Amino acid sequence: MATKLRQSLFGNTIHVFSYDWKKAYFRFHDPFSDLAFTLEVGKGGARSIQMAVQGFIIKDLLFTRKGKDCNFHSLCAVSKQEQEQALAAALAGILWAAGAAEKATVCLVTEHTYVTSSPDYSGDDFTERLQLFELLEKEATEKFIYDHLQCFKEEGGHGVILFLYSLIFSRTFERLQKDLDASSTHLLQPHAGGFLCRQAVLNMILTGRASPNVFNGCQKGKSQEILHGVLTRSDVGYLWWGKDTSEDDRLSQVGSRLKTPKLPIWLCNINGNSSVLFSTNRQLLSDWKVERRFDLYFYGGQPPQKKPVQLTVDTHSHHWERNQPGDGHVAGRRFSPVEMLIRTKWREATINWNGTIPFF
């Protein structure tokens, strides 16, 4: 199992997680503050997982809890206990969906070593001490994670890796192999001395299925191979913009299922940086009248950001902007990347930063 886990992640049994992964865990900002509902996110490959989980924490705090106001101020008034309940609910919901709503598997580290190193498997003094707990109900999964939350939220606990392991075991190796395709045979890719998540990891968190691509359904690749995309709408969506993006590349275009999730929350990738965009209005994606002018909140997780940015989006097209050059490079200089990202969903929108200086 340890060998299969390594193969699924790295494509071999030699690689081990880099330092930035090992130190990553799920830690909130201070309760009762402007960032009370947000996780502190680090640098490196684990960041995209933290941000994806962040989307589900917002889902729980805004749209799932009964008898609570769904507004931005209620997010900032979150207590420590509410933070912990939301994290447990988010992690459990993701694992339960990955287990096809049948079973979730939670990995915890114990004192005992169950795997010995061999020429084919190099140990990391962590994976060898895993114990797996299988849960057959969603509520039981949430309670189990809540009771063992310190394993995921304390420094030195490898919380993000534990969650990723739990995600893979919940999905099962068999399902994982069916989800993946020729374009992605494993989940992580080497980058600058560390490892980044491939799209399959993010899609597994968002949709429960480790599809390697962002388009709807299946498409044929350049060599006529079948490539797997997204099969259903999920609660949390995905938006992507890069300065080198080509609109002609159909395989890299995010499909409508990720662009239009069930709830107005998106994991975002802007030039390789993960962030979250959300609205507090549940009706945003189901009522066209709401979609004419609305507020979005943006959380990028960078240290200078003291609170989420409130953006006002107006989707009425303005005649004086219609004739601007459509070249992405000109647009990239003229508009913030955040605005370019929003326009991948609302094409001719104008964005008001409400006094905040537009950034990165």
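This report concerns the structure included in the present document. What you see is a predicted model; the values in this text were computed from it and never measured. (Residues numbered from 1 in each chain as written. Predicted model: local features only at pLDDT ≥ 70, side-chain atom pairs only at ≥ 80, totals over all residues. Heavy atoms only, no water.)

This part is about the pattern of salt bridges. Taken as a whole and assessed by the stated rule, the structure comprises 12 salt bridges. Between D235 and K59 there is a salt bridge, and its shortest N-O distance comes to 2.9 Å. Placement of the pair is D235 in the loop between β8 (226-228) and β9 (237-241) and K59 in helix α3 (residues 46-64), with a sequence separation of 176 residues. A residue is classified by how much of its surface remains accessible, and D235, at 24% relative accessible area, is partly exposed. The partner of E82 in a salt bridge is R65, with the nearest N and O atoms 3.1 Å apart. Placement of the pair is E82 in helix α5 (residues 80-98) and R65 in the loop between α3 and α4 (72-76), with a sequence separation of 17 residues. Given the relative accessible area of 15%, E82 is considered buried. Salt bridges here are not isolated pairs; linked through shared partners, they connect K80, E84 and K153. (Salt bridge = Lys/Arg side-chain N within 4 Å of Asp/Glu carboxyl O. Helix = DSSP H or I, 4+ residues; strand = E, 2+ residues; numbered from the N terminus. Buried < 20%, exposed > 50% of the residue type's maximum accessible area, 1.4 Å probe, protein only.)

Before going further, it helps to spend a moment on the packing of aromatic side chains. When we look at a pair of aromatic rings, we describe it by the centre distance and by the angle of the planes. Taken as a whole and assessed by the stated rule, the structure comprises 14 aromatic pairs. Between F37 and F278 the ring centres are 5.8 Å apart and the planes differ by 80 degrees, which places this aromatic pair in the edge-to-face class. Here the residue F37 occupies a position in the loop between β1 (27-28) and β2 (39-40), and F278 occupies one in strand β11 (residues 273-278), the gap between them amounting to 241 residues. The pair F37 / F278 is uniform in exposure class, with both members buried. Ring centres of F294 and W346 lie 4.9 Å apart, and the angle between their planes is 55 degrees; this geometry places the pair in the tilted category. Of the two residues, F294 sits in strand β12 (residues 293-299) while W346 sits in the loop between α14 (337-343) and β14 (350-352), which places them 52 residues apart along the sequence. For the pair shown, F294 and W346 are each scored as buried. By the ring-pair criterion, three or more aromatic residues cluster together here, those being F10, F17, W21, F126, Y165 and F195. Lying across the ring of F335, R343 places its NZ or CZ 4.0 Å from the centre. (Phe/Tyr/Trp six-rings, centres within 6.5 Å; stacked < 30°, edge-to-face > 60°. Lys NZ or Arg CZ within 6 Å of the ring centre and 35° of its normal.)

Pairing analysis gives 4 bridges linking strand β5 (residues 188-191) to strand β6 (residues 194-197), with the strands arranged antiparallel. Residue pairing across strands places Q189 opposite L196, the latter belonging to β6. The hairpin formed by β5 and β6 contains 2 residues between the paired strands, and A192 there has a positive phi angle of roughly 45 degrees. (Pairing = 2+ DSSP bridges.)

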